[in-house]
2 protein chains.
Amino acid sequence: MGNRIKAIVRYDGTDFAGWQVQPGLRTVQGALEEKLTLIAGGAPIRVIGAGRTDSGVHALGQVFCCDWPSEVPLDELRRRLSQMLVPEIRIESIEPAADDFHATWHAKSKRYAYSICHGREPDPFTERYSWRVMPDVDRARVRELAQRVVGTHDFGGFCSKGVQIDDTERTIHTAEVFDGPVVGPIDSRDHWRIEFEGDGFLYKMVRNMVGTFVDIARGRIPESVIEEILQMPTPYLGFTAPAKGLFLVEVKY
Amino acid sequence: MGNRIKAIVRYDGTDFAGWQVQPGLRTVQGALEEKLTLIAGGAPIRVIGAGRTDSGVHALGQVFCCDWPSEVPLDELRRRLSQMLVPEIRIESIEPAADDFHATWHAKSKRYAYSICHGREPDPFTERYSWRVMPDVDRARVRELAQRVVGTHDFGGFCSKGVQIDDTERTIHTAEVFDGPVVGPIDSRDHWRIEFEGDGFLYKMVRNMVGTFVDIARGRIPESVIEEILQMPTPYLGFTAPAKGLFLVEVKY
């Protein structure tokens, strides 16, 4: 036990097997728990993330909570934790939270961004952070397609198999297309991104929606697929956009 | 001999010993010449860059020229070169140039950008591409200081020793401060950059100017130092800003 804390953390997920602790694998949660436990003097610390980002997915604003049993003040904790962590993980902030605060269950909305590059060759500054789609697809078309998923739907059909959940209804508030990459240089002319904000997202749901939009825009599958998937109870069978283009941008409480 | 070509190249300079070929070291020019020579079928190709970026300095738009003795068309050359090069180097374009085109001597102006971060901790997405200055300095002050170097001056005092050149007069057309990093994520609030455009830049001149501006803004040295340096014939003795924040953005002909 101890005092509940809420922290915002940023990471380059390229070389991690995702957020969630897995035996023998390098995970963000694992790295955080290891260092927190060390600073706390050995009492094992367990953290709870707002969302379980997949292997290779990045975060600009992941949130986690845990109980902090130590006398070490939060300012010093933030500083020491940052010094001990690998440079791919950065603690943005640590603050006290209500005793019952839960990073997963209390999240009101999340924002994800997905980065697409249509350069002929990999860009040295964005290759780790975007999906290269060649030739480029019609962004106006993707903007229209993205509007189809806005609202409250059963997103079970956009969920990859492997996770059993009963309630697959979610609400997407906005799904917008912007120019420019999520991470990249000032002159990135050949990048664009899709940003989704919603009350929750199922396993691989963003990457499956992006894969579907691009497949439709490429003319590989008909537009009607979106409505069919929204009515399908079966797991997604289409193309899943690569992890490296996806960022958990922000979690609101 | 062969047909003169002009190419634009982009690179992450982090793990290179700079642009210029040096025996036993990993350089951008060396990597390009090696692959060009292979594609040309063994006839050794020598390339000439617009500027010799230093170890760790990046480029969004470095330009080089060379003579292309092979029958391989330029489109195919670009494609094959990109495939053979490491992902840190990307060929933006290759085009035919006038027989007497010279990437160094014919450059009319160059644009450099220098990226500064004032986050408390290293940012996973910008740590390789910015200098972390803590605490932050007054950007308005730096904006004013940057104006002092605009114009035609003898910049010999901002040149690090090690290079012998007779003519150290250069003209800086603009020196401006902008919000945001040169390379980084969409939500980079704690970054800013200085962009210089001029007809030419001496060895380490941009990094020495940035180091001086920051030292003055920090109150470590008086503002009068800039005028003194501009009148000094001796090599720069102040603080040189780190290579990783510097980008050669564009070369105009």
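The structure we're discussing is the one just above.
Every value quoted in this text rests on a predicted model; they were computed, and no experiment measured them. (Residues numbered from 1 in each chain as written. Chains lettered and ligands numbered in written order. Predicted model: local features only at pLDDT ≥ 70, side-chain atom pairs only at ≥ 80, totals over all residues. Heavy atoms only, no water.)

What about the interface of chain A and chain B?
Part 1: Taken together, the contact pairs 35 residues of chain A with 35 residues of chain B.
Part 2: Interface area, chain A with chain B, both sides summed: about 2800 Å², of which 53% is carbon and sulfur.
Part 3: The interface formed by chain A and chain B contains 10 salt bridges.
Part 4: Linking Arg 90 of chain B and Asp 190 of chain A is a salt bridge whose minimum nitrogen-to-oxygen distance equals 3.0 Å.
Part 5: Summed over the shared surface of chain A and chain B, the result is 17 residue pairs in polar contact (both at pLDDT 80 or more).
Part 6: Contributions of two or more residues to the side of chain A that touches chain B are made by strand S1 (3–11), strand S3 (58–68), helix H2 (74–84), strand S4 (89–96), strand S9 (183–185) and strand S10 (191–198) of chain A.
Part 7: Broken down by class, the residue content of the side of chain A that touches chain B amounts to 16 nonpolar, 5 polar and 14 charged.
Part 8: Bridge count between S9 of chain A and strand S9 (residues 183–185) of chain B: 3 bridges; the pairing is antiparallel. Bridge pairing in S9 of chain B links Pro 185 of chain A to Val 183 of chain B. (Contact = heavy atoms within 4.5 Å. Buried area = accessible area lost by both parts, 1.4 Å probe. Salt bridge = Lys/Arg side-chain N within 4 Å of Asp/Glu carboxyl O. Polar contact = N/O pair within 3.5 Å; in protein donor to acceptor, adjacent residues only side chain to side chain. Helix = DSSP H or I, 4+ residues; strand = E, 2+ residues; numbered from the N terminus. Nonpolar A, V, L, I, M, F, W, Y, C, P; charged D, E, K, R; others polar. Pairing = 2+ DSSP bridges.)

Quick look at the pattern of salt bridges
Residues and elements named next belong to chain A.
Part 1: Counted according to the given criterion, the structure contains 50 salt bridges over all chains.
Part 2: The closest approach of N and O atoms between Glu 33 and Arg 46, which form a salt bridge, is 3.1 Å. Note that Glu 33 is positioned in helix H1 (residues 28–39) and Arg 46 in the loop between H1 and strand S2 (48–49), a separation of 13 residues in sequence.
Part 3: Residue classification places Glu 33 among the buried positions, given a relative accessible area of 7%. (Buried < 20%, exposed > 50% of the residue type's maximum accessible area, 1.4 Å probe, protein only.)

Everything listed is a geometric property; what it means functionally is a separate question.
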